[in-house]
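The primary structure of each chain is shown beneath.
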Amino acid sequence: MEQRVLGRTGRKVSVVGLGTWQLGADWGEVREEDALAVLDAAVAEGVTLFDTADVYGDGRSEQLIGRYLRERPDAGIFVATKMGRRVAQVPENYVLDNFRAWNDRSRANLGVDTLDLVQLHCPPTAVYSSDAVFDALDTLVEEQRIAAYAVSVETCEEALTAIARPGVASVQIILNALRLKPLEQVLPAAAEAGVGIIARVPLASGLLSGRYTKDTVFPADDHRTYNRHGEAFDQGETFSGVDYATGLEAAAEFAALTPEGATPAQIALRWIIQQPGVTTVIPGARSVEQARANAEAAALPPLPQSTLDAVRDLYDRSIRAQVHHRW
């Protein structure tokens, strides 16, 4: 699989990584043996980046990855984790002592001395403008608790503020065929600054897989049930903030663009991979089959300009008015 340098980390990672939120919580139950099988299937397909967070299953996702790293020390996996959502989301909690405690917990969960990459996990907007926060992150690098730091953001404005920080290695942002706003300023600014882009929510919480209908019922412990309108965390996370009914119609139109021999999900990933400035995309997978299919998107030929134009037209007609001004 193609490998690209992840911004200021200087490390190469696969263009398709693996998001592991679903292995911890909020997507329905995943058994430990199934989770480990997903990790192994992804690696077998050339995936070299796992994305996780200290709050996914209250550490379960990190712990599962840690077990896998112990069992496969030769796999060459780059682990990007996140911190900051174990406490109230107020700027006062983003201080060095908390950072150290959170890092130490993640290091224990993952079984490593130095974390490859730690991302601030969608912190309050004011955090991005705090010199003290980034001084504290620099201290963590000096102490060798972390090799590099980054941010996971909700809005393009937050991303642009972070990109201007000289120590930020990468920015993780929602980017998919139903969320095109990052293409306008964020991706060009990141490319110019040498900052990596990790594209998350690439399938709009599964909408772009084409597998769901108006009659689909998600489990009670799935965020697509309990956070559909932002009840538990930011509304932009679930279905990319798009109304479910609107998203279904758009997803059906998107699926019609799929060429023979591919799936809508693979085309959604291929579209992201070829956006200038993107380093890697991190779809989740709850099964071995999903992990393999996601990774195979990297081997598809680039989408033709006609498909790219059709995606832009779909967004402008159906989605832009609903989400563009918000994120």
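The residue numbers shown here count from 1 along each chain, following its written sequence. pLDDT decides what is reported in this predicted model: residues at 70 or higher carry local features, side-chain atom pairs at 80 or more are listed and counted, and totals for whole chains, interfaces and linings draw on all residues regardless. The basis for every side-chain value is the complete set of non-hydrogen atoms in the structure, without hydrogens or water.

**Structural notes on the nonpolar core**
Reasoning step 1: Judged by nonpolar contacts, the single largest core of 91 residues is most densely connected at F50, F99, L120, L137 and V171.
Reasoning step 2: In this structure, V171 is in contact with V151, V153, A159, A162, I163, V195, G196, I197 and I198, ignoring residues within four places of it in sequence. Put simply, a nonpolar core is a bunch of buried Ala, Val, Leu, Ile, Met, Phe, Trp, Tyr and Cys residues held in one set by side-chain atoms that sit within 4.5 Å of each other. Exposure categories follow from relative accessible area, calculated using a 1.4 Å probe and restricted to protein chains: below 20% of the type maximum is buried, above 50% is exposed, and the middle band is partly exposed. The contact criterion used is simple: two residues touch if any of their non-hydrogen atoms lie within 4.5 Å.

**Focus on the sheet that holds strand β10 (residues 280–281)**
Reasoning step 1: Two strands form a pair only when DSSP identifies at least two bridges running between them. Only DSSP runs of H or I reaching four residues or more are called helices, and only runs of E reaching two or more are called strands; each is numbered from the N terminus. Pairing in this open sheet of eight strands is parallel, and the strands run β3-β4-β5-β6-β7-β8-β9-β10 from one edge to the other. Each edge of the sheet is formed by a strand with only one pairing partner; in this case those strands are β3 (18–19) and β10.
Reasoning step 2: Bridge count for β3 against strand β4 (residues 49–51) is two bridges, and the pairing is parallel. For L18, the partnering residue across the bridge sits in β4 and is F50.

**Quick notes on the packing of aromatic side chains**
Reasoning step 1: Paired rings are identified among Phe, Tyr and Trp, the last through its six-membered ring, by centres lying within 6.5 Å, and are further divided according to the angle between planes into stacked (under 30 degrees), edge-to-face (over 60) and tilted (the rest). What the rule picks out here adds up to twelve aromatic pairs.
Reasoning step 2: Each ring, one from Y94 and one from W102, has its centre 6.2 Å from the other, and the planes form 75 degrees; the classification is edge-to-face. Comparing Y94 with W102 shows no difference in burial state: the two are buried.
Reasoning step 3: Aromatic pair F134 and Y149: ring centres 6.3 Å apart, planes at 50 degrees, arrangement tilted. Here F134 is found in helix α5 (residues 131–142), whereas its partner Y149 is found in strand β7 (residues 149–152), with 15 residues between them in sequence.
Reasoning step 4: Y149 sits in the buried class, given a relative accessible area of 4%.
Reasoning step 5: An aromatic cluster is present here, built from W21, Y56, Y226 and F233 joined pairwise through their rings.
Reasoning step 6: For a Lys NZ or an Arg CZ to count as sitting over a ring, it must be within 6 Å of the ring centre and within 35 degrees of the ring normal. Between R228 and the ring centre of Y244, over which it is positioned, the NZ or CZ distance is 4.3 Å.

**Here's the deal with helix α11 (residues 288–296)**
Reasoning step 1: Regarding α11, the residues found buried are A291, N294 and A295. Along α11, the residues classed as buried sweep out an arc of 95 degrees about the axis, all on the same side.
Reasoning step 2: Looking at the buried positions of α11, the neighbouring elements they touch are α2 (32–44) and α10 (264–273). For this quantity, the arc is that covered by the directions from the helix axis to the C-beta atoms.

**Side note on helix α3 (residues 60–71)**
Reasoning step 1: One fewer than the residue count of a helix, multiplied by 1.5 Å, yields its expected span. Helix length check: α3, at twelve residues, gives a terminal C-alpha distance of 17 Å against a target of 16 Å (1.5 Å per residue), a fit within 8%.
Reasoning step 2: Along α3, the residues classified as buried are S61, E62, L64, I65, G66, Y68 and L69.
Reasoning step 3: Those residues of α3 hidden inside the fold are in contact with α1 (21–24), α2, β4, β5 (78–83) and α4 (96–110).

**Focus: the environment of A162**
Reasoning step 1: When you line up the elements, A162 lands in helix α6 (residues 156–163).
Reasoning step 2: You can call A162 buried: its relative accessible area is 0%.
Reasoning step 3: As for A162 and S152, which are separated by ten residues in sequence, their C-alpha atoms are 9.6 Å apart.
Reasoning step 4: Contact partners of A162, with chain neighbours within four places excluded, come to Y128, V151, V168 and V171.

**Observations regarding the side chain of S209**
Reasoning step 1: Mapped onto the fold, S209 is located in the loop between β9 (196–200) and α8 (223–226).
Reasoning step 2: Residues adjacent in sequence count toward polar contacts only when both atoms are side-chain atoms; beyond that, a polar contact is any pair of N or O atoms within 3.5 Å, and within protein one must be able to donate a hydrogen and the other to accept it. Within polar-contact distance, the side chain of S209 engages the backbone oxygen of G206 at 2.6 Å.
Reasoning step 3: Among the polar contacts made by the side chain of S209, one reaches the main-chain amide nitrogen of R211 at a distance of 3.3 Å.

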